[in-house]
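Single-letter residue listing:
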Amino acid sequence: MGMTRRAFAAGVLALGAAACAPAPTRGRARVVVAGGGFAGSACALALRRLDPRLDVTLVDPDARYVTCPMSSAALVGWRRLDALTLGRDGLRRAGVRYVHDAVVAIDAERRRVRLRGGGALGYERLVVAPGIRLLWGTPAGYDEAAAERMPHAWVAGAQTTRLARRLQALRDGGTVAISVPAGLMRCPPGPYERASVIAAYLKRSKPRSKVLIFDANNHFPQQDRFTAYWQAHYAGLIEWIALVDGGAVEAVDAATSTLRTPRGAQRVDVANVIPAQAPGELALRAGLARGHGWCAVDPASFESAEVERVHVIGDACIAGAMPKAASAAVSQAHACAQAIVARLGGAAPPAPRLDSVCYAQLARGEALSIHARFAVADGTIRALAASDSALGPAREADAAERWYRQIRADAFAA
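Small disclaimer: the values here were computed from a predicted structure and weren't measured. (Residues numbered from 1 in each chain as written. Predicted model: local features only at pLDDT ≥ 70, side-chain atom pairs only at ≥ 80, totals over all residues. Heavy atoms only, no water.)

Describing the overall build of the protein chain
The helix and strand inventory of the protein chain stands at eleven helices and 24 strands. Taking 22 Å as the expected radius of gyration for a compact globule of 414 residues, we find that the protein chain reaches 21 Å, a close match to that expectation. Along the first, second and third principal axes, the C-alpha set of the protein chain runs to 65 × 45 × 40 Å. By the burial criterion, 56% of the 414 residues in the protein chain qualify as buried. Counting only contacts in the protein chain whose residues sit at least 6 apart along the sequence, the fraction spanning at least 24 positions is 67%. Carbon together with sulfur atoms contributes 49% to the accessible area of the protein chain, which is approximately 17,200 Å² in total. (Helix = DSSP H or I, 4+ residues; strand = E, 2+ residues; numbered from the N terminus. Rg over C-alpha atoms; globule rule 2.2 N^0.38 Å. Buried < 20%, exposed > 50% of the residue type's maximum accessible area, 1.4 Å probe, protein only. Contact = heavy atoms within 4.5 Å. Areas by Shrake-Rupley, 256 points an atom, 1.4 Å probe, with all protein chains shown as cover.)

A word on the sheet that holds strand 8 (residues 120-122)
An order of 6-7-8 is seen for the three strands of this open sheet, with the pairing classed as antiparallel. If you trace the sheet from one side to the other, it starts and ends with strand 6 (103-107) and strand 8, each paired once. Adjacent strand axes in the sheet meet at a mean angle of 25° when their direction is disregarded. (Pairing = 2+ DSSP bridges. Axes fitted to C-alpha atoms, helices over the stretch in contact; angles between N-to-C directions.)

A word on the side chain of Gln361
Locating Gln361 in the fold gives a position in strand 22 (residues 354-363). Once residues lying within four places of it in the same chain are set aside, the contact partners of Gln361 are Met70, Ala73, Trp78, Glu193, Ser196, Val197, Glu366 and Ala367.

Quick notes on helix 7 (residues 190-205)
Because each turn of an α-helix spans 3.6 residues, side chains separated by three or four positions end up pointing in the same direction. Taking 1.5 Å of rise per residue, 16 residues should cover 22 Å, and helix 7 covers 22 Å from first to last C-alpha, within 8% of that figure. Within helix 7, 13 of the 16 residues are buried, which leaves it mostly tucked inside the rest of the structure. (Expected span 1.5 Å × (residues − 1).)

Some words on the sheet that holds strand 15 (residues 258-261)
Read across the sheet, three strands follow the order 14-15-16 without closing on themselves; strand pairing throughout is antiparallel. Lying at the two open borders of the sheet, with one neighbouring strand each, are strand 14 (251-253) and strand 16 (264-267). Geometrically, the sheet is characterised by an average inter-axis angle of 25° between neighbouring strands, direction not taken into account. Both strand 15 and strand 16 contribute to a ladder of four bridges, which runs antiparallel. Directly across from Thr261, in strand 16, lies its bridge partner Gly264.

Considerations on the pairing of strand 9 (residues 125-128)
The two faces of strand 9 match: Arg125 and Val127 on one face and Leu126 and Val128 on the other face are all buried. The sheet contact formed by strand 9 and strand 20 (residues 310-312) spans three bridges and is parallel. Along strand 20, the bridge assignment pairs Val127 with His311.

Details of the pattern of salt bridges
Following the criterion strictly, the structure yields 17 salt bridges and no others. Arg171 serves as the salt-bridge partner of Asp269, at 3.2 Å between the closest nitrogen and oxygen. Residue Asp269 is found in the loop between strand 16 and strand 17 (270-273), and its partner Arg171 is found in the loop between helix 6 (158-169) and strand 11 (175-180); the two are separated by 98 residues along the sequence. A residue is classified by how much of its surface remains accessible, and Asp269, at 31% relative accessible area, is partly exposed. In this structure, the salt-bridge partner of Arg382 is Asp378, at a minimum N-O distance of 4.0 Å. A relative accessible area of 41% means that Arg382 is categorised as partly exposed. Judged by relative accessible area, Asp378 falls into the exposed class, the value being 71%. (Salt bridge = Lys/Arg side-chain N within 4 Å of Asp/Glu carboxyl O.)

Notes on the packing of helix 2 (residues 38-50) against helix 10 (residues 326-344)
Two elements in contact, helix 2 and helix 10, have axes whose closest approach is 8 Å; the angle formed by their N-to-C orientations is 35°. Viewed along their axes, helix 2 and helix 10 form a crossing whose handedness is right-handed. Contact residues: Phe38, Ala39, Ala42, Cys43, Ala46, Leu47 and Leu50 in helix 2; Ala326, Ala329, Val330, Ala333, His334, Cys336, Ala337, Gln338, Ile340 and Val341 in helix 10. Of the residues belonging to the contact of helix 2 with helix 10, the class tally is 15 nonpolar, two polar and no charged. (Left-handed = near helix turned anticlockwise from the far one by under 90°. Nonpolar A, V, L, I, M, F, W, Y, C, P; charged D, E, K, R; others polar.)

Functional significance is not addressed by these values, which are geometric in nature.
Written out as structure tokens, the structure reads:
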């Protein structure tokens, strides 16, 4: 079995305890990490634990980060949003310098990044972890103003609160619609977890209401397990409309809360529109993305296929069979950190051991999961194995809680 995140953390800790953040020192190798979500933060932390001599700087405009994992529970009052919010103190204690700013440009020839605030940082290696950007206008009419009325909540925080308030105000007998885009997206099982969580809330509080899933795809992850659970627990509460049945939302009218599909116009009470996605803006501006819109990388080191000495990890990169998920991002971050330390020491990067696990809540105290391992073969990252856990929904929910605590520690030393 591949190395787990817990095993990796134990291994890197054994290599040397992290010191308090020192001032940058001449002669120390400098690594700049642009982006402080799960991928960037985990990579910065792993770099310091692997080699405390490194000068590691994390740059992110947000001093606090709200985790997308577990955020669906915040929509219905099962969790508080502040309990999902993490600061940078754990990273500082591990010796990572945190810069409250944003990288806006990369000068690969001079190995420098320019900051929004006007400063610049030099590097020997740069890690870019920009996450996703939302493609406004897909569907037509869905822009930032429309997102105020039709929250996407695909970036946790203010949007999560907005959608939660919409659900709280829903009349009994109202309709909630979730629009799922085609193509690569963050957390592929996420929309179906969200439908489950909302259905659990409606069943208890507003039982005459309904969830419609308008899907631009004909299949979704763990479809058999989700639908079996829905039939057993939410009969009549959830309706999934596939692409072949006219499920793709082509346009929206936020003023009237109307979704337009090949089946015609559907007016709903609450619209959760998840737009199509692409890598964060920095990846586009820096020339890290290819024609398909995502960032190609060397699967052994996550070094960019476009720009030397720049690594791309997390949702923005094309990582073969790996999903765009927090667990995959942390696994990539650890592999990238090992590769950088090896490169700086003049060695080839070790063969990465990659894994992921996705948990989806089905109800309060019940969940499902899928575990997978990956390896580099024939120039890409291929799935070695995938397994459905046989723990049962209640024990899966317990496992999800343990996983969430561990991944927060792995990425943020929280």
